[in-house]
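# Understanding the architecture of this molecule
Next come the chains, spelled out residue by residue.
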Amino acid sequence: MVAAETLTAQKRIAMLGPPGAGKGTQAELLAGRLSIPRISTGDILRDAIAMGSQLGRQAGPIMEEGGLVPDDLLMGVIEERLQREDCARGYVLDGFPRTVPQAEGFESLNPGVTADMIVFKLEVPKTELLRRLSGRRWCPKCQATYHVESDPPREDGVCDRDGERLILREDDKESAVARRLTAYERQTKPLIEYYDDRSCLRRVDGDREPQVVHVELSTYIGVPR
Ligand code: AMP
């Protein structure tokens, strides 16, 4: 049984879960439904790499290896992004926070935020995570993602939106995936307790069709379909 909850005027939602759990997909669906931005720190960093900025040069090698970018860099990124006007009514955080110091930094930027924030933890078995990540294909131009079996593009290997060739992200390759899963276990899992203690955490079975998961999340935030 799912209890409906209503967030205050500014909707602040975060997605937590291992790589491949569906954070990006669910964040996008929720953001669209609430007309607020989805903020993906992974996308921001990949854009920085594509632009060749100093942030991109610092983050690039770490991301390729499947590690986590240092907290101080991430806090600068998120602080700048949250100041933009489109965040005034709220946002869906996708991939942030990922460590306890990031969660603490986020709280000090937004005192009292955990009083009405919802953190969705998407739970998916490891075998399914690996299936999803190895079949994931990515558009380097618009950052759209597909899956070779469950969400293929109309034309094999080509992005529906802009015709760009799809690729397997460096960090979706097997060795990097193993490191990302380890980083999740070591650095991100402690956030479960952190948000549980603050009564923000909602555990959701992410091993279902994206639309089914979305309906559950929508019910939690008080906008049932
Ligand atoms: P994602 O697209 O969310 O899977 O993120 C891809 C990669 O970007 C991660 O494996 C990290 O290297 C980096 N990254 C994204 N968000 C964060 C974060 N909050 N803290 C540290 N590293 C991050």
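Residues numbered from 1 in each chain as written. Predicted model: local features only at pLDDT ≥ 70, side-chain atom pairs only at ≥ 80, totals over all residues. Heavy atoms only, no water.

### Re the nonpolar core
Note the following rule: Grouping buried Ala, Val, Leu, Ile, Met, Phe, Trp, Tyr and Cys residues that are joined through side-chain atoms within 4.5 Å yields what is termed a nonpolar core. Only protein chains enter the accessibility calculation, which uses a 1.4 Å probe. A residue is then buried if its area is under 20% of the maximum for its type, exposed if over 50%, and partly exposed in between. By the criteria applied, helices consist of DSSP H or I runs no shorter than four residues and strands consist of E runs no shorter than two, each listed in order from the N terminus. By the convention used here, residues are in contact when the closest approach between their heavy atoms is within 4.5 Å.
Formed by 31 residues in total, the largest nonpolar core has its most connected members in L82, L93, F106, V119 and Y195. Looking at this core, the elements with two or more residues in it are β1 (11-16), α2 (41-51), α3 (54-65), α4 (71-82), β3 (90-94), α5 (100-109) and α8 (190-197). Among the elements that line this core, the one with the most residues is α4, at six residues. Aside from chain neighbours lying at most four places away, what touches L82 is I39, C87, Y91, L93, F106 and N110.

### Thoughts on the sheet that holds strand β7 (residues 201-205)
This is how it is decided: Here, any two strands with at least 2 DSSP bridges between them count as paired. Geometry is summarised by axes, namely lines fitted to C-alpha atoms with helices restricted to the contacting stretch, and by angles between N-to-C directions that run from 0 to 180 degrees.
One open sheet accounts for five strands, arranged β2-β3-β1-β4-β7; its pairing is parallel. Here the strands that pair on one side only, and so sit at the sheet edges, are β2 (38-40) and β7. Averaged over all neighbouring strand pairs, the angle between strand axes comes to 25°, with direction disregarded. By the bridge criterion, four bridges tie β1 to strand β4 (residues 118-123) in an arrangement that is parallel. Across the sheet, the residue bridging to I13 is I118, located in β4.

### Remarks on the pairing of β1
Most of β1 sits out of view: six of its six residues are buried. Judged by which residues are buried, β1 turns out to be covered on both faces: K11, I13 and M15 on one side and R12, A14 and L16 on the other are all buried. With five bridges connecting them, β1 and β3 associate as parallel partners. Across the sheet, the residue bridging to I13 is V92, located in β3.

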